[in-house]
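Remarks on the overall topology
Residue-level listing of the chains:
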Amino acid sequence: AISLGWVMSEEEFFPRLNYLDFFKFRASYGVMGNDRIPDFLYLSLLTGQATYVSGDDNSLINGIAIGPLSNPNVKWEESRKLDVGFDIRLLNNKFNFVIDYYINNTRNLLVSDIPISGIFGVSAPGSSSPTINAGSVRNQGFEFEFLYRESLREDLNFTLGLNFSTIKNEVTAIEGRDVLEGGQFGVGQLAPSRMEVGQPIGYFYGYRTAGIFQNMDEVNAHASQVALGAPAQPGDIRYLDINGDGIIDENDRVYLGDPIPDFTFGFNLGVNYRNWDLSGYLFGSVGNDIVRNFERDQPNVNQMSYRLNRWTGEGTSNDVPRATVSPTTNNVFSDFFVEDGSFVRIQTISLGYNFESSLLDRIGFNQLRVYAKVDNVYTFTRYSGFDPTASTGVPIGGGIDFGFYPIPRIYMLGVNAQF
């Protein structure tokens, strides 16, 4: 890595401005390797587990099975990042600004969750598909930080902080193929996520919907949906015939969104008044999509509350399909299961009190503070699941909510004491 910093405000040619305390230009470029994979994935090892049926009595015998499939060509991924920015301080350092523009090119991206035929034994416990170097991805955008400090009087001061980041993600190359698929949805369905040149990594790929069939005339006038698994009936989801061939099949799948946010932000507040201190922190994400993949279609399980607005007859609903135990195409991956995952979360609020030094001297303490704190205070979101941040975090297949356990709200009372 190499970096350069130039405090321009100390140069003779720089204009002397009463309100400007500091002005610095920065630039850096670096290369970093990433080995975030388990060891020995270039070797074939019998680290899996399996149970075999053996003998005339068909007894079960515990044995071993192939571990993760090997890839002798796997290597570290490599990130090359260029960053250019400015640091600015104004009005006796009350206002602080940090502005950056970055480009991060990742090569030999490591991907492990890729579809592969079960004939290789990857469904055995302890086994998995091979880890590969999938291609190259570029992230670029702006980062902005703002800090404001103010003392309204001797015993009252506060600090406001804001950070804001944009990101544009684009796949720039794929090794050995045009498209790489990944992720999981439902049971036995085509992979819902893709890596494709010119698109955000892990974008969602499925069927577009156009409301609900209200009667048989609409069903008969529409393209056939039998190829998806069952003939359509009134109350079923209507899928768009993208290529116009009169048949809804895998060739009609299109881009449905992606898990990459347009921008993220955070805000923190700190207030001190005499012996009291108050602090809070919130953060948010805007523009990312999330897949609702925790619903089950069995008749003996609970359903989401939106199912109360389901289709029950012509004209009753054009958004939620009918409830039935018969085979339908209503559970194939489509934009019906893709939601806006944008959110704002109040993460922490804390209130504390520091006891006077005169009292501490009498009881033998150097410092004594009591406080109350709440974590995961509230999340503002339109997402219908428990947590809009739920994701496996893998490059191809991220942004899919498998029903992760929700984050609890935590209430704390505490004492900090120094003797």
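Scroll up a little and you will see the structure.
Reference entry: report on the structure contained in this document.

Criteria and cut-off values
Residues numbered from 1 in each chain as written. Predicted model: local features only at pLDDT ≥ 70, side-chain atom pairs only at ≥ 80, totals over all residues. Heavy atoms only, no water. Helix = DSSP H or I, 4+ residues; strand = E, 2+ residues; numbered from the N terminus. Contact = heavy atoms within 4.5 Å. 1 Å grid on protein atoms, 1.4 Å probe; cavity = no way out; pocket = protein on both sides within 12 Å on 5 of 7 lines; lining within 4 Å. Points joined across faces, edges and corners; volume = space filled by probe spheres on them. Nonpolar A, V, L, I, M, F, W, Y, C, P; charged D, E, K, R; others polar. Patch = residues over 30% accessible without salt bridge, like charges linked within 9 Å, V, L, I, M, F, W, Y side chains within 5 Å. Areas by Shrake-Rupley, 256 points an atom, 1.4 Å probe, with all protein chains shown as cover. Salt bridge = Lys/Arg side-chain N within 4 Å of Asp/Glu carboxyl O. Buried < 20%, exposed > 50% of the residue type's maximum accessible area, 1.4 Å probe, protein only. Core = buried A, V, L, I, M, F, W, Y, C linked by side-chain atoms within 4.5 Å.

With that out of the way, let us pick up the environment of Asn108. Looking at where Asn108 falls in the secondary structure, it is placed in the loop between β6 (95–107) and β7 (110–111). Counting along the chain gives 75 residues from Asn108 to Gly33, while the straight-line C-alpha distance between them is 10.0 Å. Discounting chain neighbours no more than four positions away, the residues touching Asn108 are Lys75, Trp76, Glu77, Asn133 and Gly135.

A volume near 890 Å³ is recorded for the largest pocket. In this structure, the largest pocket is lined by 31 residues; those nearest its centre are Arg296, Asp297, Gln298, Arg307 and Asn331. Looking at the lining of the largest pocket residue by residue, the class counts come to 13 nonpolar, eleven polar and seven charged. Taken as a whole, the second largest pocket encloses approximately 660 Å³ of empty space. In this structure, the second largest pocket is lined by 32 residues; those nearest its centre are Ile201, Ile260, Gly393, Val394 and Pro395. Secondary structure elements with two or more residues in the lining of the second largest pocket: β5 (77–90), β6, β7, β9 (135–153) and β20 (289–292). When its residues are assigned to classes, the lining of the second largest pocket shows 15 nonpolar, 13 polar and four charged.

This next bit is on a nonpolar patch on the surface. Taken together, the side chains of Ile2, Tyr29, Val31, Leu82 and Val84 make up a nonpolar region of the molecular surface, amounting to roughly 410 Å² of accessible area. Secondary-structure elements contributing two or more residues to the nonpolar patch are β2 (20–34) and β5. For Val84, the position within the fold is in strand β5.

Attention now moves to the pattern of salt bridges. Opposite charge on two side chains makes pairing possible when the charged atoms of those side chains draw close. Using the criterion set out here, one finds 18 salt bridges in the structure. A salt bridge links Arg80 to Glu78, with the shortest nitrogen-to-oxygen separation between them at 2.9 Å. Classification of Arg80 as partly exposed rests on a relative accessible area of 24%. We note a salt bridge from Arg322 to Asp236, for which the minimum N-O separation is 2.7 Å. Residue Arg322 is found in the loop between β20 and β21 (338–340), and its partner Asp236 is found in the loop between α1 (216–221) and β16 (237–239); the two are separated by 86 residues along the sequence.

This part takes up unusual backbone geometry. Of note in the backbone geometry, Leu91 takes a positive phi value of approximately 50° without being a glycine. With respect to the helices and strands, the residue Leu91 is situated in the loop between β5 and β6. Judged by its relative accessible area of 41%, Leu91 is partly exposed. At Arg274, a residue that is not glycine, the phi angle is positive and equals roughly 55°. Along the chain, the position of Arg274 falls in the loop between β18 (263–273) and β19 (276–286).

If you look at the biggest cluster of nonpolar residues, it comprises 21 residues, and the most contacted ones within it are Phe204, Tyr239, Val291 and Phe333. Those elements that place two or more of their residues in this core are β16 and β17 (254–257). In contact with Phe333, other than residues within four places in its own chain, are Phe185, Gln189, Pro192, Phe204, Tyr205, Gly206, Tyr207, Leu256, Val291 and Val338. Membership of the second largest hydrophobic core comes to 13 residues, among which are Leu109, Ile201, Ile260 and Ile396.

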